[in-house]
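Architecture and fold: a report
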Amino acid sequence: MEANTTKSTTGASSLRWKILRRSLIRRSSSNSEDKSEMGIQRISRKATHGFNLIPFHLKKDRVEENVKSLKENQMDSSRDATSCYTLPIPNAPQLILHQRVDDMAHLNDFEVCNRYDIDNTGLVCQWPSEDVLGHYCLSHASIFRQKRVIELGSGYGLAGLIVAMTTEAREVFISDGNPQVVDYIQRNVNANSGSFGGTEVKPLMLHWGQETDSDISNTFDVIIASDCTFFKEFHGALVRTIKSLLKDEGPSEAILFSPRRGDSLDKFLIEVEDSGLHFSTDEIYDAEVWRRHQGFVKGDESWPNYEMDHCYPLLVRIAR
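Attention here is on the structure that accompanies the text. Every chain is numbered on its own, with residues counted from 1 as its sequence reads. With pLDDT at 70 or above as the cut-off, local features in this predicted model cover only qualifying residues; side-chain atom pairs require 80 or more to be listed or tallied, and sums for whole chains, interfaces and linings still use all residues. The side-chain figures draw on all heavy atoms in the structure; neither hydrogens nor water molecules are used.

Here's the deal with the environment of Phe231
Stated precisely, the cut-off is as follows: Think of it this way: any DSSP run of H or I at least four residues long counts as a helix, any run of E at least two long counts as a strand, and we number them from the N terminus. A 1.4 Å probe rolled over the protein chains alone gives each residue an accessible area, and that area as a share of the maximum for its type sets the label: buried under 20%, exposed over 50%, partly exposed in between.
Turning to its location among the elements, Phe231 is positioned in the loop between strand E7 (222-226) and helix H9 (235-245). On the basis of relative accessibility, which here comes to 13%, the residue Phe231 falls in the buried class. For the pair formed by Phe231 and Leu265, sequence separation is 34 residues and the distance between their alpha carbons is 9.7 Å.

This is the structure:
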């Protein structure tokens, strides 16, 4: 992803350094015993704050190894955790997901962000909107059958892997603009390689707005993405990417899940309209997601401080 002005680049850099400052402050104020006791809870915010539509558990042996490594300050081996997802459909294989331990930010992360002018959100956690996207893909498998699919800003690749494992898609690209994230995607593709059937799965390093005349331009039947409209400075590049990847001939569409987050989503949709693409939005698109949302609004304690504007993703469908 690329920012287009000095002002927007400064804003993105400022956000990254604020995240770094919070991480360093938390680390300096925590001792090894606190880290040991909270090790399991720190694996991913999704474990406690999310719609939890797809059951998962942490591999206990891997968690214990990570906690031990934290005590010994062995940063290289303490940064990862392994989650095992049980997809709620008959005869589905278990989905293995390697991911970063929450709050394990390092100076190298921010050096990479500044070098590629990208954000670091793909390494932070599995965001709730991707849980919803994965659930939606499971519930609408026919959309992807024998189609060429790409996930944008995928983070660890949960939704893309679900599509690859359960929908009989012809080809699935799982992409992100952060090379560290793409390394995790490759690991997760390797970990689940025996579960893709005839679907070809490819990790891809992709910077939004840089696909013109590439060999993937105008070749995809379906684009999926979740929580990719937060940074307003990247809206234009994201819209250009969607427009350049959708097939020119025949039906094609992008399926996005994003919370409103103030006027962020509205401004993104203005960019979509200005580009000549067409869109629709839907607030009540799945009965189970809506039921859980209503529970959080009424005070379900599993998601403290839940707010619809920042937490509940709307369904956005974009087509030519």
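Some details on the side chain of His235
Under the convention used in this document: N or O atoms closer than or at 3.5 Å make up a polar contact, with two conditions inside protein: a donor-capable atom paired with an acceptor-capable one, and, for residues adjacent in sequence, both atoms drawn from side chains. Note on contacts: a residue pair is in contact if any heavy atoms of the two residues lie within 4.5 Å.
By secondary structure assignment, the location of His235 is in helix H9. Here the side chain of His235 touches Phe268 through a polar contact of 3.5 Å, landing on its backbone nitrogen. Sequence-distant contacts of His235, that is, excluding residues within four places in its chain, are made with Thr229, Ser264, Lys267, Phe268 and Glu271.

Things to note about the nonpolar core
What counts, and what does not: The criterion is simple. A nonpolar core is a set of buried Ala, Val, Leu, Ile, Met, Phe, Trp, Tyr and Cys residues joined through side-chain atoms within 4.5 Å.
If you look at the biggest cluster of nonpolar residues, it comprises 74 residues, and the most contacted ones within it are Leu152, Ile242 and Phe268. In contact with Phe268, other than residues within four places in its own chain, are Thr229, His235, Leu238, Val239, Ile242, Leu256 and Ile318.

Brief notes about helix H10 (residues 264-274)
The α-helix winds at 3.6 residues per turn, so residues separated by three or four positions along the chain end up facing the same way. How we decide: Directions from the helix axis toward the C-beta atoms define the arc.
Every buried residue of H10 is listed here: Ser264, Leu265, Phe268, Leu269 and Val272. The arc enclosing the buried residues of H10, seen along the axis, measures out at 130°, which places them on a common side. Among the exposed residues of H10, those pointing more than 90 degrees away from its buried face are Glu273 and Asp274. Those residues of H10 hidden inside the fold are in contact with H9, strand E8 (253-258), strand E9 (278-282) and strand E10 (314-319). Gly276 sits one or two residues past H10 and shows a positive phi near 95°.

Observations concerning the side chain of Ser252
Along the chain, Ser252 falls in the loop between H9 and E8. When its relative accessible area of 11% is taken as the criterion, Ser252 is described as buried. Here Lys247 takes part through its backbone oxygen, which lies 3.4 Å from a polar atom of the side chain of Ser252. Apart from residues no more than four positions distant in its own chain, Ser252 is found in contact with Phe220, Asp221, Leu246, Lys247, Ile318 and Ala319.

Some thoughts on the sheet that holds E10
Test applied: At least two bridges found by DSSP between two strands is the condition for calling them paired. The axes are straight lines fitted to the C-alpha atoms, using for helices just the contacting stretch, and the angles between their N-to-C directions are given from 0 to 180°.
Taking strand neighbours across the sheet as the criterion, the seven strands line up as E6-E5-E4-E7-E8-E10-E9 in an open arrangement whose pairing is mixed. The open sheet has two edge strands with one neighbour each: strand E6 (200-205) and E9. Direction aside, the axes of adjacent strands within the sheet are offset by 20° on average. Where E7 meets E8, five bridges bridge the pair, whose relative direction is parallel. Paired with Ile224 across the bridge in E8 is Ile255. Against the sheet, helix H8 (residues 179-191) contacts strand E5 (171-176) and E6, and its axis sits at roughly 165° relative to E6. H9 rests against strand E4 (148-152), E7, E8 and E10 of the sheet, and its axis sits at about 170° to E4.

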